[in-house]
Amino acid sequence: MLTVPENIEDRSYEVDFLNCVIDKADDFKVIDSDSHFAEFVGIHLSKIHEGKLFLQEIIKPSDRQRVIMQITKKDSPYIYTSFDVINEKGELVFVHCTAQNYEDSSKCRLVLADVSKSREKTEKLEAKTQEMNHLIDLVTGGVCQFQVTDDMHFNATYMNDSCSQLFGADQEKDNYDDSVFRIDDLIYPEDRTVVFQAVGKAMATGEDLDLECRMMTCDKEYVWFKLNASVRKYDGVKNPIVNAMFSDISRVKEAEKRADNVSEKLANLLNNLTGAMFFSSYEKPFEAVIFSGDFAKLLGYTRNEIYEKLNCDISSLVKDNIEHLEEDMKAQLSKKGKSKARYNIKTKTLGIVEVIDRRKLVTQRDGSTALICELEVDESQLDY
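Parameters at a glance
Residues numbered from 1 in each chain as written. Predicted model: local features only at pLDDT ≥ 70, side-chain atom pairs only at ≥ 80, totals over all residues. Heavy atoms only, no water. Helix = DSSP H or I, 4+ residues; strand = E, 2+ residues; numbered from the N terminus. Buried < 20%, exposed > 50% of the residue type's maximum accessible area, 1.4 Å probe, protein only. Contact = heavy atoms within 4.5 Å. Areas by Shrake-Rupley, 256 points an atom, 1.4 Å probe, with all protein chains shown as cover. Core = buried A, V, L, I, M, F, W, Y, C linked by side-chain atoms within 4.5 Å. Pairing = 2+ DSSP bridges. Axes fitted to C-alpha atoms, helices over the stretch in contact; angles between N-to-C directions. Expected span 1.5 Å × (residues − 1). Arc of directions from axis to C-beta. Polar contact = N/O pair within 3.5 Å; in protein donor to acceptor, adjacent residues only side chain to side chain. Patch = residues over 30% accessible without salt bridge, like charges linked within 9 Å, V, L, I, M, F, W, Y side chains within 5 Å. Salt bridge = Lys/Arg side-chain N within 4 Å of Asp/Glu carboxyl O. Lys, Arg positive; Asp, Glu negative; His and termini not counted. Charge placed at Lys NZ, Arg CZ, Asp CG, Glu CD. Phe/Tyr/Trp six-rings, centres within 6.5 Å; stacked < 30°, edge-to-face > 60°.

## Structural notes on the overall build of the protein
Right, on to step 1. Along the backbone of the protein there are twelve helices and 15 strands.
Right, on to step 2. Split into buried and exposed, the 384 residues of the protein put 36% on the buried side.
Right, on to step 3. Intrachain contacts of the protein at a sequence separation of at least 6 include 43% that bridge at least 24 residues.
Right, on to step 4. Surface summary for the protein: the accessible area is close to 23400 Å², and the carbon and sulfur share equals 48%.

So this is what it looks like as C-alpha coordinates:
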(Lines give C-alpha, C1' and ligand atoms only; values in the text may rest on other atoms or scores of the structure.)
Protein backbone atom coordinates (compact mmCIF):
# COMPACT_ATOMS: atom_id res chain seq x y z
CA MET A 1 0.00 0.00 0.00
CA LEU A 2 1.40 3.39 -1.04
CA THR A 3 1.20 6.07 1.66
CA VAL A 4 1.98 9.76 1.45
CA PRO A 5 4.51 10.89 4.09
CA GLU A 6 3.22 13.46 6.55
CA ASN A 7 6.25 15.65 5.92
CA ILE A 8 5.96 15.64 2.12
CA GLU A 9 5.98 19.46 2.12
CA ASP A 10 9.58 19.28 3.36
CA ARG A 11 10.55 17.79 0.03
CA SER A 12 9.11 20.63 -2.07
CA TYR A 13 11.36 23.23 -3.69
CA GLU A 14 10.63 26.75 -4.86
CA VAL A 15 12.86 27.65 -7.77
CA ASP A 16 12.98 30.80 -9.92
CA PHE A 17 15.14 30.91 -13.05
CA LEU A 18 17.09 34.01 -14.14
CA ASN A 19 18.87 34.18 -17.52
CA CYS A 20 21.60 36.52 -18.70
CA VAL A 21 24.51 36.72 -21.17
CA ILE A 22 27.89 38.22 -20.28
CA ASP A 23 30.96 39.18 -22.30
CA LYS A 24 34.11 37.85 -20.59
CA ALA A 25 36.34 39.97 -22.84
CA ASP A 26 34.56 43.16 -21.76
CA ASP A 27 35.13 42.90 -18.01
CA PHE A 28 32.20 40.47 -17.61
CA LYS A 29 29.64 43.02 -18.75
CA VAL A 30 26.02 41.80 -18.79
CA ILE A 31 24.96 42.38 -22.42
CA ASP A 32 21.57 40.66 -22.43
CA SER A 33 19.02 39.11 -20.05
CA ASP A 34 15.39 38.18 -19.63
CA SER A 35 12.93 40.48 -17.87
CA HIS A 36 12.96 38.29 -14.75
CA PHE A 37 16.70 38.83 -14.29
CA ALA A 38 16.28 42.60 -14.83
CA GLU A 39 13.54 42.76 -12.17
CA PHE A 40 15.63 40.67 -9.78
CA VAL A 41 18.68 42.99 -9.93
CA GLY A 42 16.49 46.15 -10.09
CA ILE A 43 17.84 47.47 -13.40
CA HIS A 44 15.65 48.18 -16.42
CA LEU A 45 16.22 45.85 -19.37
CA SER A 46 17.16 48.79 -21.62
CA LYS A 47 19.95 49.77 -19.23
CA ILE A 48 21.30 46.23 -19.34
CA HIS A 49 21.37 46.39 -23.14
CA GLU A 50 23.32 49.65 -22.82
CA GLY A 51 25.97 47.81 -20.78
CA LYS A 52 25.25 49.44 -17.40
CA LEU A 53 25.70 46.25 -15.35
CA PHE A 54 28.69 44.00 -14.68
CA LEU A 55 28.44 40.45 -13.33
CA GLN A 56 30.86 40.99 -10.45
CA GLU A 57 28.66 43.83 -9.15
CA ILE A 58 25.87 41.43 -8.21
CA ILE A 59 28.03 38.57 -6.84
CA LYS A 60 28.82 38.38 -3.14
CA PRO A 61 32.39 39.77 -2.74
CA SER A 62 33.78 36.60 -1.16
CA ASP A 63 32.46 34.52 -4.09
CA ARG A 64 33.60 36.77 -6.95
CA GLN A 65 37.13 35.46 -7.55
CA ARG A 66 36.04 31.80 -7.41
CA VAL A 67 33.13 32.30 -9.81
CA ILE A 68 35.21 34.30 -12.30
CA MET A 69 37.95 31.64 -12.26
CA GLN A 70 35.38 28.88 -12.85
CA ILE A 71 33.74 30.69 -15.76
CA THR A 72 37.09 31.41 -17.43
CA LYS A 73 38.55 27.93 -16.90
CA LYS A 74 40.13 26.66 -20.11
CA ASP A 75 38.39 23.94 -22.12
CA SER A 76 35.23 24.09 -20.02
CA PRO A 77 32.15 24.38 -22.26
CA TYR A 78 29.83 23.96 -19.25
CA ILE A 79 30.30 25.01 -15.64
CA TYR A 80 28.10 24.16 -12.67
CA THR A 81 28.52 26.14 -9.47
CA SER A 82 26.69 27.85 -6.59
CA PHE A 83 27.10 31.29 -5.01
CA ASP A 84 25.24 34.25 -3.48
CA VAL A 85 23.99 37.16 -5.60
CA ILE A 86 22.65 40.58 -4.54
CA ASN A 87 19.04 41.41 -5.43
CA GLU A 88 17.44 44.83 -5.88
CA LYS A 89 16.94 45.16 -2.11
CA GLY A 90 20.62 44.48 -1.41
CA GLU A 91 19.83 41.05 0.02
CA LEU A 92 22.00 38.01 -0.56
CA VAL A 93 20.22 35.28 -2.51
CA PHE A 94 21.67 31.78 -2.90
CA VAL A 95 21.60 30.45 -6.50
CA HIS A 96 22.73 27.43 -8.46
CA CYS A 97 24.38 28.48 -11.71
CA THR A 98 24.80 26.71 -15.04
CA ALA A 99 27.21 28.58 -17.31
CA GLN A 100 27.61 27.81 -21.02
CA ASN A 101 30.66 29.24 -22.76
CA TYR A 102 29.99 29.99 -26.41
CA GLU A 103 32.34 28.27 -28.86
CA ASP A 104 34.83 30.63 -30.54
CA SER A 105 33.38 33.56 -28.59
CA SER A 106 33.97 35.46 -25.37
CA LYS A 107 30.28 35.32 -24.52
CA CYS A 108 28.85 33.14 -21.76
CA ARG A 109 25.21 32.38 -20.95
CA LEU A 110 24.27 32.05 -17.29
CA VAL A 111 21.15 30.36 -15.96
CA LEU A 112 20.69 31.17 -12.27
CA ALA A 113 18.32 29.00 -10.25
CA ASP A 114 17.10 30.94 -7.20
CA VAL A 115 16.77 28.29 -4.49
CA SER A 116 17.20 30.64 -1.55
CA LYS A 117 13.83 29.62 -0.11
CA SER A 118 15.03 26.05 -0.12
CA ARG A 119 18.64 26.56 0.92
CA GLU A 120 18.30 24.66 4.18
CA LYS A 121 16.57 21.83 2.36
CA THR A 122 19.33 21.90 -0.26
CA GLU A 123 22.03 21.52 2.40
CA LYS A 124 20.20 18.52 3.83
CA LEU A 125 19.88 17.10 0.32
CA GLU A 126 23.60 17.57 -0.32
CA ALA A 127 24.39 15.62 2.86
CA LYS A 128 22.06 12.87 1.68
CA THR A 129 23.66 12.95 -1.76
CA GLN A 130 27.11 12.44 -0.23
CA GLU A 131 25.79 9.42 1.63
CA MET A 132 24.22 8.04 -1.55
CA ASN A 133 27.41 8.65 -3.55
CA HIS A 134 29.33 6.71 -0.92
CA LEU A 135 26.89 3.80 -1.23
CA ILE A 136 27.10 3.98 -5.03
CA ASP A 137 30.89 3.86 -4.78
CA LEU A 138 30.65 0.68 -2.73
CA VAL A 139 28.40 -0.94 -5.35
CA THR A 140 29.93 0.23 -8.63
CA GLY A 141 33.62 0.10 -7.74
CA GLY A 142 36.25 2.46 -9.13
CA VAL A 143 34.92 5.20 -11.41
CA CYS A 144 37.38 7.54 -13.06
CA GLN A 145 37.97 9.83 -16.01
CA PHE A 146 41.29 10.08 -17.82
CA GLN A 147 42.68 11.94 -20.80
CA VAL A 148 44.67 10.12 -23.48
CA THR A 149 47.80 12.14 -24.27
CA ASP A 150 49.65 12.32 -27.58
CA ASP A 151 52.21 9.79 -26.31
CA MET A 152 49.44 7.40 -25.12
CA HIS A 153 49.54 8.11 -21.40
CA PHE A 154 46.28 7.95 -19.43
CA ASN A 155 46.31 11.03 -17.19
CA ALA A 156 43.55 10.86 -14.56
CA THR A 157 41.34 13.96 -14.39
CA TYR A 158 38.79 12.56 -11.92
CA MET A 159 38.49 9.62 -9.52
CA ASN A 160 35.71 8.73 -7.12
CA ASP A 161 36.57 7.66 -3.57
CA SER A 162 36.58 3.94 -4.40
CA CYS A 163 38.92 4.41 -7.35
CA SER A 164 41.29 6.59 -5.32
CA GLN A 165 41.41 3.99 -2.57
CA LEU A 166 41.89 1.10 -5.01
CA PHE A 167 44.85 2.66 -6.79
CA GLY A 168 46.32 4.76 -3.98
CA ALA A 169 45.65 8.19 -5.48
CA ASP A 170 45.80 11.30 -3.31
CA GLN A 171 42.16 12.00 -2.45
CA GLU A 172 42.99 15.48 -1.15
CA LYS A 173 43.92 16.73 -4.63
CA ASP A 174 40.93 17.86 -6.67
CA ASN A 175 42.87 18.39 -9.89
CA TYR A 176 44.71 15.24 -10.93
CA ASP A 177 46.29 17.05 -13.88
CA ASP A 178 48.64 18.77 -11.43
CA SER A 179 49.81 15.51 -9.91
CA VAL A 180 49.86 13.65 -13.27
CA PHE A 181 48.43 10.44 -11.85
CA ARG A 182 48.82 8.02 -14.76
CA ILE A 183 46.39 5.13 -14.98
CA ASP A 184 48.57 3.39 -17.59
CA ASP A 185 51.44 3.07 -15.09
CA LEU A 186 49.26 0.67 -13.09
CA ILE A 187 48.61 -1.80 -15.92
CA TYR A 188 50.29 -5.20 -15.69
CA PRO A 189 53.17 -5.25 -18.26
CA GLU A 190 51.82 -8.25 -20.19
CA ASP A 191 48.36 -6.59 -20.44
CA ARG A 192 49.52 -3.16 -21.60
CA THR A 193 49.47 -3.98 -25.32
CA VAL A 194 45.91 -5.34 -25.13
CA VAL A 195 44.67 -2.27 -23.24
CA PHE A 196 46.44 0.23 -25.52
CA GLN A 197 45.08 -1.50 -28.63
CA ALA A 198 41.54 -1.51 -27.18
CA VAL A 199 41.72 2.19 -26.28
CA GLY A 200 43.17 3.02 -29.70
CA LYS A 201 40.37 1.12 -31.42
CA ALA A 202 37.75 2.86 -29.29
CA MET A 203 39.25 6.25 -30.17
CA ALA A 204 39.10 5.38 -33.87
CA THR A 205 35.65 3.76 -33.98
CA GLY A 206 33.78 5.31 -31.06
CA GLU A 207 32.93 1.84 -29.74
CA ASP A 208 32.83 1.20 -25.98
CA LEU A 209 35.56 -0.78 -24.21
CA ASP A 210 34.81 -4.03 -22.42
CA LEU A 211 37.89 -6.00 -21.39
CA GLU A 212 39.71 -7.67 -18.52
CA CYS A 213 43.17 -6.68 -17.36
CA ARG A 214 45.40 -6.71 -14.31
CA MET A 215 46.10 -3.47 -12.43
CA MET A 216 48.37 -2.63 -9.51
CA THR A 217 46.40 -1.64 -6.41
CA CYS A 218 47.43 0.49 -3.45
CA ASP A 219 48.72 -2.73 -1.83
CA LYS A 220 51.31 -3.02 -4.63
CA GLU A 221 49.65 -6.19 -5.88
CA TYR A 222 48.29 -6.90 -9.34
CA VAL A 223 44.56 -7.65 -9.28
CA TRP A 224 42.19 -8.65 -12.09
CA PHE A 225 39.74 -5.89 -13.07
CA LYS A 226 36.96 -5.66 -15.60
CA LEU A 227 37.28 -2.37 -17.48
CA ASN A 228 34.18 -0.80 -19.02
CA ALA A 229 34.77 2.55 -20.68
CA SER A 230 33.62 4.96 -23.36
CA VAL A 231 35.60 7.57 -25.26
CA ARG A 232 34.31 11.13 -25.53
CA LYS A 233 35.64 14.03 -27.58
CA TYR A 234 34.75 17.58 -26.56
CA ASP A 235 34.89 20.78 -28.59
CA GLY A 236 38.02 22.72 -27.84
CA VAL A 237 39.67 19.71 -26.16
CA LYS A 238 42.45 18.25 -28.28
CA ASN A 239 42.83 14.87 -26.62
CA PRO A 240 39.92 12.48 -26.05
CA ILE A 241 38.49 11.85 -22.59
CA VAL A 242 37.76 8.30 -21.39
CA ASN A 243 35.02 7.66 -18.82
CA ALA A 244 35.91 4.37 -17.15
CA MET A 245 34.77 1.99 -14.43
CA PHE A 246 37.03 -0.65 -12.87
CA SER A 247 35.34 -3.63 -11.19
CA ASP A 248 37.41 -6.02 -9.09
CA ILE A 249 36.90 -9.51 -10.55
CA SER A 250 39.74 -11.24 -8.70
CA ARG A 251 37.30 -13.55 -6.89
CA VAL A 252 35.66 -14.46 -10.20
CA LYS A 253 39.07 -15.25 -11.68
CA GLU A 254 39.95 -17.41 -8.68
CA ALA A 255 36.66 -19.28 -9.07
CA GLU A 256 37.32 -19.75 -12.80
CA LYS A 257 40.80 -21.05 -12.04
CA ARG A 258 39.42 -23.55 -9.54
CA ALA A 259 36.73 -24.61 -12.02
CA ASP A 260 39.36 -25.05 -14.75
CA ASN A 261 41.44 -27.20 -12.43
CA VAL A 262 38.42 -29.35 -11.60
CA SER A 263 37.52 -29.68 -15.28
CA GLU A 264 41.10 -30.59 -16.15
CA LYS A 265 41.20 -33.25 -13.44
CA LEU A 266 37.83 -34.59 -14.58
CA ALA A 267 38.97 -34.68 -18.21
CA ASN A 268 42.17 -36.53 -17.21
CA LEU A 269 40.13 -38.95 -15.13
CA LEU A 270 37.70 -39.67 -17.96
CA ASN A 271 40.49 -39.98 -20.47
CA ASN A 272 41.95 -42.85 -18.46
CA LEU A 273 38.67 -44.60 -17.65
CA THR A 274 37.90 -47.94 -19.28
CA GLY A 275 34.89 -47.72 -21.59
CA ALA A 276 33.55 -45.38 -24.27
CA MET A 277 32.05 -42.78 -21.93
CA PHE A 278 31.01 -39.17 -22.39
CA PHE A 279 29.02 -36.41 -20.69
CA SER A 280 26.12 -34.71 -22.47
CA SER A 281 23.00 -32.72 -21.59
CA TYR A 282 19.31 -33.58 -21.62
CA GLU A 283 18.68 -30.87 -24.23
CA LYS A 284 21.52 -32.04 -26.53
CA PRO A 285 21.95 -35.77 -25.85
CA PHE A 286 24.49 -36.37 -28.65
CA GLU A 287 26.81 -33.50 -27.72
CA ALA A 288 29.92 -34.98 -26.07
CA VAL A 289 31.01 -32.19 -23.70
CA ILE A 290 33.67 -34.34 -21.99
CA PHE A 291 34.66 -37.81 -23.15
CA SER A 292 37.03 -40.69 -22.37
CA GLY A 293 39.97 -41.91 -24.37
CA ASP A 294 38.10 -45.12 -25.28
CA PHE A 295 35.23 -43.03 -26.67
CA ALA A 296 37.60 -41.25 -29.09
CA LYS A 297 39.21 -44.61 -29.89
CA LEU A 298 35.84 -46.15 -30.76
CA LEU A 299 34.96 -43.33 -33.13
CA GLY A 300 38.43 -43.40 -34.68
CA TYR A 301 38.92 -39.64 -34.22
CA THR A 302 41.58 -37.81 -32.25
CA ARG A 303 40.46 -35.50 -29.46
CA ASN A 304 41.23 -32.43 -31.59
CA GLU A 305 39.19 -33.82 -34.49
CA ILE A 306 36.20 -34.38 -32.21
CA TYR A 307 36.47 -30.78 -31.02
CA GLU A 308 37.24 -29.14 -34.36
CA LYS A 309 35.60 -31.32 -37.05
CA LEU A 310 32.61 -32.67 -35.14
CA ASN A 311 32.25 -29.71 -32.79
CA CYS A 312 31.74 -32.33 -30.03
CA ASP A 313 28.44 -33.36 -31.69
CA ILE A 314 28.24 -37.01 -32.82
CA SER A 315 24.66 -36.83 -34.12
CA SER A 316 26.00 -36.63 -37.71
CA LEU A 317 27.61 -40.05 -37.20
CA VAL A 318 24.37 -41.76 -36.12
CA LYS A 319 22.83 -43.66 -39.06
CA ASP A 320 19.39 -44.25 -37.51
CA ASN A 321 16.53 -41.76 -37.15
CA ILE A 322 18.04 -39.26 -34.71
CA GLU A 323 14.73 -37.60 -33.84
CA HIS A 324 13.11 -40.89 -32.82
CA LEU A 325 16.17 -41.83 -30.78
CA GLU A 326 16.18 -38.55 -28.88
CA GLU A 327 12.43 -38.74 -28.26
CA ASP A 328 12.68 -42.28 -26.90
CA MET A 329 15.73 -41.45 -24.72
CA LYS A 330 14.06 -38.38 -23.21
CA ALA A 331 10.90 -40.34 -22.46
CA GLN A 332 12.89 -43.00 -20.60
CA LEU A 333 15.00 -40.44 -18.77
CA SER A 334 11.96 -38.42 -17.68
CA LYS A 335 10.25 -41.55 -16.38
CA LYS A 336 13.11 -43.59 -14.88
CA GLY A 337 16.12 -41.28 -14.81
CA LYS A 338 18.01 -43.63 -17.12
CA SER A 339 17.75 -44.90 -20.69
CA LYS A 340 18.95 -47.66 -23.02
CA ALA A 341 18.99 -47.62 -26.82
CA ARG A 342 20.51 -49.44 -29.80
CA TYR A 343 21.60 -47.70 -32.97
CA ASN A 344 24.21 -47.76 -35.70
CA ILE A 345 27.06 -45.28 -35.75
CA LYS A 346 29.60 -44.60 -38.46
CA THR A 347 33.16 -44.70 -37.16
CA LYS A 348 36.22 -43.45 -38.97
CA THR A 349 38.19 -46.72 -38.86
CA LEU A 350 35.64 -49.54 -38.35
CA GLY A 351 32.88 -48.33 -40.60
CA ILE A 352 29.31 -48.70 -39.34
CA VAL A 353 28.93 -50.53 -36.00
CA GLU A 354 25.95 -51.18 -33.77
CA VAL A 355 26.22 -49.76 -30.25
CA ILE A 356 24.23 -50.06 -27.04
CA ASP A 357 23.77 -46.60 -25.52
CA ARG A 358 23.24 -46.52 -21.75
CA ARG A 359 22.60 -43.21 -19.96
CA LYS A 360 21.94 -41.94 -16.46
CA LEU A 361 20.50 -38.55 -15.53
CA VAL A 362 22.42 -36.87 -12.69
CA THR A 363 21.90 -33.61 -10.78
CA GLN A 364 24.98 -31.43 -10.43
CA ARG A 365 25.96 -29.28 -7.44
CA ASP A 366 24.53 -26.11 -9.00
CA GLY A 367 21.13 -27.79 -9.52
CA SER A 368 21.50 -28.34 -13.27
CA THR A 369 21.29 -31.81 -14.84
CA ALA A 370 23.71 -33.79 -17.00
CA LEU A 371 23.86 -37.21 -18.65
CA ILE A 372 26.55 -39.80 -18.05
CA CYS A 373 26.63 -41.90 -21.20
CA GLU A 374 28.40 -45.14 -22.13
CA LEU A 375 28.56 -46.78 -25.55
CA GLU A 376 28.95 -50.53 -25.60
CA VAL A 377 29.76 -52.50 -28.76
CA ASP A 378 30.05 -56.20 -29.53
CA GLU A 379 33.74 -57.13 -29.30
CA SER A 380 33.43 -59.06 -32.59
CA GLN A 381 32.90 -55.70 -34.37
CA LEU A 382 36.13 -54.25 -32.99
CA ASP A 383 39.61 -54.65 -34.34
CA TYR A 384 41.88 -52.47 -32.20
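## Digging into the nonpolar core
Right, on to step 1. Ranked by size, the top nonpolar core spans 29 residues in total, and within it Ile183, Met215 and Phe246 carry the most contacts.
Right, on to step 2. For this core, the secondary structure elements donating two or more residues are β6 (142–148), β7 (154–159), α6 (161–167), α8 (192–205), β8 (209–216), β9 (222–232) and β10 (241–248).
Right, on to step 3. Sorting elements by how many residues they give to this core places β9 first, with five residues.
Right, on to step 4. Setting aside residues no more than four positions away along its own chain, isoleucine 183 makes contact with Cys144, Phe146, Phe154, Ala156, Met159, Met215 and Phe246.

## Things to note about the sheet that holds β7
Right, on to step 1. Strand order in the open sheet formed by five strands is β7-β6-β10-β9-β8, with antiparallel pairing between adjacent strands. Across the chains shown, the open sheet's two edge strands, defined by having one partner strand only, are β7 and β8. In this sheet, neighbouring strand axes are inclined to one another by 35° on average, regardless of whether the strands run parallel or antiparallel.
Right, on to step 2. Where β8 lies against β9, eight bridges are found, and the strand directions are antiparallel. In the strand pairing of β9, methionine 215 is matched with valine 223.

## Here we look at helix α12 (residues 322–336)
Right, on to step 1. In a regular helix each residue adds 1.5 Å, so 15 residues correspond to 21 Å; α12 covers 21 Å between its end C-alpha atoms and thus fits that length.
Right, on to step 2. Within the span of α12, buried status applies to Leu325, Met329, Gln332 and Leu333. Buried residues along α12 cover an arc of 100° about the axis, so they all sit on one side. What points out from α12, more than 90 degrees from its buried face, is the exposed set Glu323, His324, Glu327, Ser334 and Lys335.
Right, on to step 3. In this structure, the buried side of α12 is in contact with β13 (338–346), β14 (352–363) and β15 (369–377).
Right, on to step 4. Capping the start of α12 is the job of one residue whose side-chain oxygen sits 3.1 Å from the backbone nitrogen of glutamate 323: asparagine 321.
Right, on to step 5. Positive backbone phi, approximately 80°, marks glycine 337, located one or two places after α12.

## Description of the pairing of β15
Right, on to step 1. Judged from the five bridges that link them, strand β11 (residues 276–280) and β15 form a sheet pairing that is antiparallel. Residue serine 280 lies in a different strand from β15, and its bridge partner there is leucine 371.
Right, on to step 2. Bridge count between β14 and β15: nine bridges; the pairing is antiparallel. Across the sheet, the residue bridging to arginine 359 is cysteine 373, located in β15.
Right, on to step 3. Taking the residues between adjacent antiparallel strands as the criterion, β14 and β15 are bridged by five residues, where glycine 367 takes a positive phi near 95°.

## A look at a positive patch on the surface
Right, on to step 1. There is a patch of like positive charges on the surface, built from Lys335, Lys336, Lys338 and Lys360.
Right, on to step 2. Among the structural elements, lysine 360 can be located in strand β14.
Right, on to step 3. For lysine 360, a relative accessible area of 52% corresponds to the exposed category.

## A closer look at the environment of arginine 359
Right, on to step 1. By secondary structure assignment, the location of arginine 359 is in strand β14.
Right, on to step 2. Every residue in contact with arginine 359, bar those within four places of it in the chain, is listed here: Phe278, Ser280, Pro285, Phe286, Met329, Leu333, Lys338, Ser339, Tyr343, Leu371, Ile372 and Cys373.
Right, on to step 3. A polar contact is formed between the side chain of arginine 359 and the side chain of serine 280, at a distance of 3.3 Å.
Right, on to step 4. There is a polar contact of 2.5 Å between the side chain of arginine 359 and the backbone oxygen of proline 285.

## Notes on the packing of aromatic side chains
Right, on to step 1. One pass over the full model with this rule turns up ten aromatic pairs.
Right, on to step 2. The interplanar angle of 45° and the centroid separation of 4.9 Å between the aromatic rings of phenylalanine 278 and phenylalanine 295 together place this pair among those described as tilted. Taken together, the residues phenylalanine 278 in strand β11 and phenylalanine 295 in helix α10 (residues 293–299) connect sequence positions 17 residues apart.
Right, on to step 3. A relative accessible area of 0% means that phenylalanine 295 is categorised as buried.
Right, on to step 4. Ring pairing ties together the aromatic residues Phe278, Phe291, Phe295 and Tyr307, which thus form one cluster.

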